[in-house]
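Architecture at a glance
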Amino acid sequence: MQLIDRFLPHGTHYDFIRYRWVAFCVTAVLILGSFTSIAVKGFNFGIDFAGGILVEAQSTTGPADLHAMRATLGHLGLGEVSLQEFGTTGRDVMIRVQRQDGDEKAQMSALTKVKASLGEGYTYRRVEIVGPKVGGELVRDGVWAVVLALAAIAMYVWFRFEWQFGVGALVSTFHDVITTFGLFSITGLEFNLTTVAAILTIAGYSVNDTVVEYDRVRENLRKFKSMSLYDLLNLAVNETLARTILTVSTVFVTVLALLFVGGEVLRGFSIAMLWGLIIGTFSSIYVAMPMLIYFNLRTGKAAEEAETAESAEGGPATP
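Residues numbered from 1 in each chain as written. Predicted model: local features only at pLDDT ≥ 70, side-chain atom pairs only at ≥ 80, totals over all residues. Heavy atoms only, no water.

Naming follows an unreviewed UniProt entry, where the protein appears as Protein-export membrane protein SecF of Paramagnetospirillum magnetotacticum MS-1. According to the UniProt record, the Function (unreviewed entry) comment for the protein is "Part of the Sec protein translocase complex. Interacts with the SecYEG preprotein conducting channel. SecDF uses the proton motive force (PMF) to complete protein translocation after the ATP-dependent function of SecA." The annotation that UniProt attaches to the protein under Subcellular location (unreviewed entry) is "Cell membrane". (UniProt positions renumbered as here; feature names shortened; annotations may be inferred.)

Okay, structure coming up:
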């Protein structure tokens, strides 16, 4: 640990706040781009939300012949059927079949046709059937999970800090969440339940990073009462920079391992987490912190002068 600590920056004096308007422009482009893509293009919903049949098949006779499989399944009259090879052996294939009209029996009948047409040369490692009702309920629950998580985060920060910090934390967390939605919309990556789990994790991670920096700001407000807010924010970011780099880099390495060896099931989760780590660190420094300048956050000296003025006028002292 001491060896790692030697390579971390300590006692830095970088002027992060100087580039706040550049950062605000980047933030505006990301948010507007995300909203536009979501409104125009939408999401590539997975089986969890869109409904349908998902089968992970593994060839027992060598590498799977995707061309032959596509031709065979395409003649079953089941509508849209997509095949995707995954893994490193060339034997694993993920098959997606669109939701069939009718109840669960219709879905089971389609699944039986798929297995029968592929024959004896495959084993089935995973089968999921999601009906339209379940898919709709999962969409509703996913939306509620994200909304309630953001509301809980806002309330927590609001009670712990002054309102300026609460608004800043909420805006930066919203920025991270909406740009992650935008990433999946723009790239067409499959949006499923693991993506929702990743977004909730990103929200928690982002607000934790922001709270650490806000804690340092509040501490410095008491210690350096004559320092300007601009310098005080820079000081807080520089003082927590080593901690930020260490936390982000260790989590980043862990998520990279998930991406490369976690398999197809965790691919969307891993990509969302990697994006969340990058964009969450950016927003903590360049969205949450500079916003305090425009929220009339008083330094220690300004607060004391206001208390003195109110006492002289016979008014109530600010707590």
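Moving on, we get to the environment of V217. Looking at the element boundaries, V217 is found in helix α8 (residues 193–223). Once residues lying within four places of it in the same chain are set aside, the contact partners of V217 are F165, L232, L233, A236, M289 and L292. (Helix = DSSP H or I, 4+ residues; strand = E, 2+ residues; numbered from the N terminus. Contact = heavy atoms within 4.5 Å.)

For the rest of this paragraph, the subject is the sheet that holds strand β3 (residues 81–86). Read across the open sheet, the 4 strands follow the order β3-β4-β2-β5; overall the sheet is antiparallel. Strands at the two margins of the open sheet, each flanked by one partner only, are β3 and β5 (122–130). Averaged over all neighbouring strand pairs, the angle between strand axes comes to 15°, with direction disregarded. In this structure, β3 lies alongside strand β4 (residues 92–97), joined through 6 bridges in antiparallel fashion. In the strand pairing of β4, F86 is matched with D92. Helix α4 (residues 66–74) contacts β3, β4 and β5 of the sheet and is inclined by roughly 160° relative to β3. The strands that helix α5 (residues 104–118) touches are β2 (52–59), β4 and β5; relative to β5, the one it contacts most, it runs at about 165°. (Pairing = 2+ DSSP bridges. Axes fitted to C-alpha atoms, helices over the stretch in contact; angles between N-to-C directions.)

The next subject is the pattern of salt bridges. Taken as a whole, this structure holds 8 salt bridges when the rule is applied. D92 is paired through a salt bridge with R125; the nearest N and O atoms lie 3.0 Å apart. Here D92, found in strand β4, pairs with R125, found in strand β5; they are 33 residues apart in sequence, far enough to count as distant. Look at D92 and you get buried, because its relative accessible area is 6%. Salt-bridge contacts for E219 lead to R216; the nearest nitrogen and oxygen are separated by 3.9 Å. Residue E219 and its partner R216 are located together in helix α8, separated by 3 residues, close to a single helical turn. Here the residues in one salt-bridge network are E56, R126 and E128, joined through shared partners. (Salt bridge = Lys/Arg side-chain N within 4 Å of Asp/Glu carboxyl O. Buried < 20%, exposed > 50% of the residue type's maximum accessible area, 1.4 Å probe, protein only.)

The next thing to look at is the packing of aromatic side chains. This model, assessed by the stated rule, comprises 17 aromatic pairs. Residues F161 and Y214 carry aromatic rings whose centres are separated by 6.0 Å and whose planes lie at 75° to one another, so their mutual orientation is edge-to-face. With a gap of 53 residues between them, F161 in the loop between α6 (132–160) and α7 (163–187) and Y214 in helix α8 connect regions that are remote in the sequence. Comparing F161 with Y214, the two get one shared label, buried. Among the aromatic side chains, those forming a connected cluster through ring pairs are F43, F45, F181, F184 and F191. Against the face of Y124 rests K115, its NZ or CZ located 5.2 Å from the ring centre. (Phe/Tyr/Trp six-rings, centres within 6.5 Å; stacked < 30°, edge-to-face > 60°. Lys NZ or Arg CZ within 6 Å of the ring centre and 35° of its normal.)

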